[in-house]
Amino acid sequence: MLGCDPWHDAVDLHHRLVYVPGEVKLWPNLTGGEVIDFLASLYGKINSSRRKALLDRFQLDPKKKCRSYSKGNRQKVALVAAFLVDAELYILDEPTSGLDPLMEQVFQECVFELKKQGKTVFLSSHILAEVEALCDRVGIIRQGKIVESGTLEELRHLTRTTVTVELAKPVNLKQLPGVYDVTQNGEKWRFSVDSNAMDTVMKVLAPMGIKSLIAEPPTLEELFLRHYGDQLWERS
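Here goes a summary of the coordinates provided. Remember, it's a predicted structure, so these values are computed and weren't measured experimentally.

Cut-off values and rules
- Residues numbered from 1 in each chain as written.
- Predicted model: local features only at pLDDT ≥ 70, side-chain atom pairs only at ≥ 80, totals over all residues.
- Heavy atoms only, no water.
- Pairing = 2+ DSSP bridges.
- Helix = DSSP H or I, 4+ residues; strand = E, 2+ residues; numbered from the N terminus.
- Axes fitted to C-alpha atoms, helices over the stretch in contact; angles between N-to-C directions.
- Core = buried A, V, L, I, M, F, W, Y, C linked by side-chain atoms within 4.5 Å.
- Buried < 20%, exposed > 50% of the residue type's maximum accessible area, 1.4 Å probe, protein only.
- Contact = heavy atoms within 4.5 Å.
- Patch = residues over 30% accessible without salt bridge, like charges linked within 9 Å, V, L, I, M, F, W, Y side chains within 5 Å.
- Areas by Shrake-Rupley, 256 points an atom, 1.4 Å probe, with all protein chains shown as cover.
- Salt bridge = Lys/Arg side-chain N within 4 Å of Asp/Glu carboxyl O.
- Expected span 1.5 Å × (residues − 1).
- Lys, Arg positive; Asp, Glu negative; His and termini not counted.

Attention now moves to the sheet that holds strand 8 (residues 188-193). Strand order in the open sheet formed by 4 strands is 7-8-6-9, and the pairing between neighbours is antiparallel. Two strands close off the open sheet at either side, each with one partner strand: strand 7 (179-185) and strand 9 (210-216). The mean angle between the axes of side-by-side strands here comes to 15°, regardless of whether they run parallel or antiparallel. Sheet topology places strand 6 (residues 161-167) next to strand 8; 6 bridges connect them, and they run antiparallel. By the bridge assignment for strand 8, T161 is matched with V193.

Okay, structure coming up:
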C-alpha cells in the first residue's frame, strides 16, 4: 500500500491515509468539535478555516456532546475529521450511512474535490447510484472475492443494452441472435441486446423506418444483480 508493507510499515502508513467506518463510535463525554480536533491533530496542524467551512457544509453543531448525536451526526463528525486531513489515501467504508440526501450530496462534492487534488479515494458502498456517480473504477465482490473489476464503461460491456425503438414497418426481432426480452406496443419495440450483436440489430432496424430510438447502457445495479441475482432468487 502506497509502496509500503502494511504489516511492517503500519505506523507510517496511518499518517498517510484516513479511514471512515460505516458504524462510527465516538467518546460520549466529548463534544463533536473536540473529537474532530483530536483526530485531525494526529495528522498535524489543523486548518481552522477549512474546519469551519466543513462544519457549515455538513450542518454540524460541534458543541454538542457525542452522546446526544444521531447516527447521521456521528457520521458527519467522522467525515469532517477525515476531509479536514490532507492525506494521500481516503478509505471510506459505507461513509454515508445515516446521512440524508442533502448531506449525501455534500459528501459527493467533497469527494470530487479530493479527486481534483489528485487524492485516491477507496469507497465501499451498497448505494449503487453513489458508486456510479463517484468512482472511476469499480470492483464487484461476491463471497469475499472480486468477480468483476474495471472502469464502469468496461463493465457495461459485460451485460446488455436496452433499446426502445419506434418503427414504421413491422419487424421480427425475436428471431435475431443476441436479442432478448422483446416487447411490442403498437409501433414501439423494447428489447435488450448483447453488445456484440448491436451492429446486426441496427442493420435490421435501419430499413424498417426508424422514427425514434433510445439505447440505454446497463446501470451498475444491473451489473450487480448479474452476480447476486441468483442469491436473491434463492432467498425469495
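Now that the structure is up, let's keep going.
Looking now at the nonpolar core. Counting 43 residues, the largest nonpolar core has I36, F58, F83 and F107 as the members making the most contacts within it. Among the elements that take part in this core, helix 4 (residues 71-84) stands out by supplying 8 residues, more than any other. Residues in contact with F107, not counting those within four places in the same chain, are F58, L79, F83, L92, P95, T96, L123, E130 and L134. Counting residues in each nonpolar core, the second largest holds 15 residues, with V165, L167, L173 and M208 among its members.

On to a nonpolar patch on the surface. On the surface, W27, F38, L42 and Y43 cluster together into a nonpolar patch covering about 410 Å² of accessible area. Assessed through its relative accessible area of 42%, F38 is described here as partly exposed.

Turning our attention to the sheet that holds strand 1 (residues 17-20). Taking strand neighbours across the sheet as the criterion, the 3 strands line up as 1-2-3 in an open arrangement whose pairing is parallel. Whereas interior strands pair on both sides, the edge strands pair on one side only; in this sheet they are strand 1 and strand 3 (120-124). Taking each pair of neighbouring strands and ignoring which way they run, the sheet shows an average axis angle of 10°. The strands that helix 4 touches are strand 1 and strand 2 (89-93); relative to strand 1, the one it contacts most, it runs at about 170°.

A rise of 1.5 Å per residue sets the reference length of helix 4, with its 14 residues, at 20 Å; its end C-alpha atoms lie 20 Å apart and thus fit the reference within 8%. Within helix 4, 11 of the 14 residues are buried, which leaves it mostly tucked inside the rest of the structure. Taken together, the buried positions of helix 4 are occupied by G72, Q75, K76, V77, A78, L79, V80, A81, A82, F83 and L84. In this fold, the buried residues of helix 4 make contact with strand 1, helix 2 (32-41), helix 3 (48-57), strand 2 and helix 5 (101-116).

Here we come to the side chain of K76. Inspection of the secondary structure assignment puts K76 in helix 4. At 5.4 Å, D100 is the nearest oppositely charged side chain to K76, a buried residue that forms no salt bridge. What K76 contacts, discounting residues up to four positions off in sequence, is F58, Q59, L60, L99 and M103.

So, on to the pairing of strand 5 (residues 145-151). Pairing geometry for strand 4 (residues 137-142) and strand 5, over 6 bridges, is antiparallel. Pairing of I140 across the sheet is with E148, part of strand 5. Connecting the antiparallel pair strand 4 and strand 5 is a turn made up of 2 residues, with Q143 showing a positive phi of about 50°.

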